[in-house]
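# Structural overview for review
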Amino acid sequence: MDPKKKTSSALVLRLDEIPQAGRSLNVRLDADEVRASLPDAYRIDGSRGGEVDGLVMLVDENLHVAAKITVAAAFDCSRCAEPSSGQWTTRIETLFVPAGRNSTKLGGDELDDEPFDDLVEYVGRFVDLRPTLVQALAVALNPYPVCTDGCAGLC
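Here's what I pulled together on the structure shown here. (Residues numbered from 1 in each chain as written. Predicted model: local features only at pLDDT ≥ 70, side-chain atom pairs only at ≥ 80, totals over all residues. Heavy atoms only, no water.)

### Some details on the overall build of the chain
We count it as follows: Secondary structure elements follow DSSP: runs of H or I no shorter than four residues count as helices, runs of E no shorter than two count as strands, and numbering proceeds from the N terminus. Working definition: with a 1.4 Å probe on protein chains only, accessible area under 20% of the residue-type maximum means buried, over 50% means exposed, and in between means partly exposed. Exposure was quantified through the Shrake-Rupley algorithm and a 1.4 Å probe, taking into account, for residues, occlusion by the shown protein chains and nothing else.
Across its full length, the chain holds two helices and eleven strands. Its helices and strands taken in sequence order, the chain reads β-β-β-α-β-β-β-β-β-β-β-β-α from the N to the C terminus. The buried share among the 155 residues of the chain stands at 40%. Within the structure as shown, the chain displays about 9000 Å² of accessible surface, and the carbon and sulfur contribution to it stands at 48%.

What follows is the structure, given as structure tokens:
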């Protein structure tokens, strides 16, 4: 992992610190944080955690987050029970909107069928991306991982 990446505390964004043109999001996830967000079948070996790379942009009062989450983990194959490991990448496209709005506009246009994975409400001037990332990992990782697609399992 790139030692210049920020730590996961950078996943709590202060809205008034995001420039109008947006900013990149390059965050290293520590092993404990990734471990807590993985489905039960997976485990972190050693200090390897994960990374979040993407872009955050403010559009009106909405925060648009487009990011790629990469994690490395170990597991026991659910077919043959042999130890294995892998790296997984998932992408999110989420729009954080102020809570309590009757309608949501993006760039002056009413949002209907925008290409977002999720619309999440926020309160105040801070947005914590961690719950959204944890949810994305939980959905992306197979709860019954296999070492190879062709694994025949126990004989």
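What follows continues from the structure just given.
### Topic: helix H2 (residues 130-140)
Here is the rule we go by: What the arc measures is the spread of directions leading from the helix axis to the C-beta atoms.
Along H2, the residues classified as buried are Thr132, Leu133, Ala136 and Leu137. The buried side chains of H2 occupy one side of the element, clustering within an arc of 135° when seen end-on. In H2, the exposed residues that point more than 90 degrees away from the buried face are Pro131 and Val139.

### Regarding the packing of aromatic side chains
The way to describe two aromatic rings as a pair is by their centre distance and the angle between their planes. Short version of the rule: Two rings from Phe, Tyr or Trp (for Trp, the six-membered ring) form a pair when their centres are within 6.5 Å of each other. A pair whose planes differ by under 30 degrees is stacked, one over 60 is edge-to-face, and the rest are tilted.
Tallying each qualifying case throughout the model produces three aromatic pairs. A ring pair is formed by Tyr42 and Phe75, whose centres lie 5.9 Å apart and whose planes are at 65°; its orientation type is edge-to-face. With a gap of 33 residues between them, Tyr42 in strand E4 (residues 42-43) and Phe75 in strand E6 (residues 62-76) connect regions that are remote in the sequence. For the pair formed by Tyr42 and Phe75, the shared burial category is buried. Linked through ring pairs, Tyr42, Phe75 and Trp88 together constitute an aromatic cluster.

### Examining the environment of Cys147
In plain terms, the rule: Two residues qualify as a contact provided that any one of their heavy atoms is within 4.5 Å of a heavy atom in the partner residue.
As for its placement among the helices and strands, Cys147 is situated in the segment after H2. Separated by 69 residues in the primary sequence, Cys147 and Ser78 place their C-alpha atoms 8.1 Å from one another. Once residues lying within four places of it in the same chain are set aside, the contact partners of Cys147 are Phe75, Cys77, Cys80 and Ser84.

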